[in-house]
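Listed below, chain by chain, are the residues.
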Amino acid sequence: MKVSDSSSTAPGSGSTRRRSETTRNAILVAARERFAADGYERATIRAIARDAGIDPSMVMRYYGNKEGLFAAAVSIDLRMPDMAALPREEVGWRLVAHFLGMWEENEVLTALLRVGATNGAGAERMQEIFRDQMMPVAHAVCPDPQQAPARAALTAAQLLGLALTRYVLRFPPTVALSREELTAWLAPTVQRYLTAPSP
């Protein structure tokens, strides 16, 4: 049975708002389950709408397209290691190794990067994730707290640039490098961004 979003109550009424929120939540629950089961590429608006018990036009009404829905639905915990507990000279190595593991074990993160490169909602979601989860790392280890935003942004540029060329664009030389080689190349740069004196 399909959920109807129409109502005989006034457009601005609490009943209409509650019904709208219920529909949105049903869509997001169905989307998370479908993306997890099928992956980003194979999941379809039609399948998600069917799972939510609504018409596909309702998904488009609330989220615009699959990219917008994906950005709204995904929640990613980067499971950042406690950098404050590490020896300062190991921060860059540990962070690069951690992210390589995340990219290679979590296809949702790669899908979000792909969406974020072409979709405004996806870009905002990526910004939120890195702001909320990368900034504390920079604050924990950088020598000047006022520089933490810039240092976190530079670190993200390295990590996201690697992910884009290795997992999305799949540049052959980048794909060919082992995780150990990538860590050896990138870790000193990330270490410098986070802990070196300001140039």
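Keep in mind the model is a prediction, meaning the values are calculated, not measured.

Draft legend 1. Inspection of the overall build of the protein at higher detail. Counting its regular elements, the protein contains 10 helices and 0 strands. When the helices and strands of the protein are read in sequence order from the N terminus, they spell out α-α-α-α-α-α-α-α-α-α. Based on the C-alpha atoms only, the size of the protein along its principal axes is roughly 65 × 40 × 25 Å. Counting all 199 residues of the protein, 45% fall into the buried class. A separation threshold of at least 6 residues defines the contact pool for the protein, and within that pool the share at least 24 residues apart is 66%.

Draft legend 2. Region of the structure containing the nonpolar core. If you look at the biggest cluster of nonpolar residues, it comprises 57 residues, and the most contacted ones within it are Phe35, Leu69, Phe70, Leu95, Phe99, Met134 and Leu194. Sort the elements by how many residues they give to this core and helix α7 (residues 120–141) lands first, with 8 residues. Apart from residues no more than four positions distant in its own chain, Phe99 is found in contact with Leu78, Met80, Phe130, Met134 and Leu159.

Draft legend 3. How the structure looks around the side chain of Gln191. With respect to the secondary-structure elements, Gln191 resides in helix α10 (residues 179–195). Of note is the side chain of Gln191, whose polar atom sits 2.8 Å from the backbone oxygen of Arg88. Aside from chain neighbours lying at most four places away, what touches Gln191 is Arg88, Glu89, Glu90, Val91, Gly92, Trp93 and Ala196.

Draft legend 4. Spotlight on helix α4 (residues 66–73). In terms of burial, α4 is largely enclosed, as 6 of its 8 residues are buried. Here α4 has its buried residues at Lys66, Gly68, Leu69, Phe70, Ala71 and Ala73. On its buried side, α4 packs onto α1 (14–42), α2 (45–52), α3 (56–63), α6 (107–116) and α7. The N-cap residue of α4 is Asn65: its side-chain oxygen and the backbone nitrogen of Glu67 are 3.3 Å apart.

Draft legend 5. Just the pattern of salt bridges, in detail. Under the criterion given, the structure shown has 7 salt bridges. Between Glu128 and Arg125 there is a salt bridge, with the nearest N and O atoms lying 3.0 Å from each other. Separated by 3 residues within a single helix, Glu128 and Arg125 lie in helix α7, roughly one turn from each other. On the basis of relative accessibility, which here comes to 29%, the residue Glu128 falls in the partly exposed class. Here the residues in one salt-bridge network are Arg34, Asp38 and Asp51, joined through shared partners.

Draft legend 6. Summary view of the packing of α1 against α4. In the contact formed by α1 and α4, the axes pass within 9 Å of each other and the chain directions differ by 105°. As summarised for this structure, α1 and α4 are arranged roughly perpendicular, according to the angle between their axes. Facing Ile27, Leu28, Ala31, Arg32, Phe35, Tyr40 and Glu41 of α1, the residues of α4 in contact are Lys66, Glu67, Leu69, Phe70, Ala72 and Ala73.

Draft legend 7. Up close: unusual backbone geometry. Unlike most non-glycine residues, Arg79 shows phi in positive territory, near 50°. Summarising the element assignment, Arg79 is placed in the loop between α4 and α5 (91–105). Within the chain, Arg170 stands out as a residue other than glycine whose phi angle is a positive 55°. Assignment of secondary structure puts Arg170 in the loop between α8 (148–168) and α9 (172–176). With a relative accessible area of 48%, Arg170 lands in the partly exposed category.

Each value, and the rule that gives it
- Residues numbered from 1 in each chain as written.
- Predicted model: local features only at pLDDT ≥ 70, side-chain atom pairs only at ≥ 80, totals over all residues.
- Heavy atoms only, no water.
- Helix = DSSP H or I, 4+ residues; strand = E, 2+ residues; numbered from the N terminus.
- Buried < 20%, exposed > 50% of the residue type's maximum accessible area, 1.4 Å probe, protein only.
- Contact = heavy atoms within 4.5 Å.
- Core = buried A, V, L, I, M, F, W, Y, C linked by side-chain atoms within 4.5 Å.
- Polar contact = N/O pair within 3.5 Å; in protein donor to acceptor, adjacent residues only side chain to side chain.
- Salt bridge = Lys/Arg side-chain N within 4 Å of Asp/Glu carboxyl O.
- Axes fitted to C-alpha atoms, helices over the stretch in contact; angles between N-to-C directions.
- Parallel < 35°, antiparallel > 145°, perpendicular 65-115°, else oblique.

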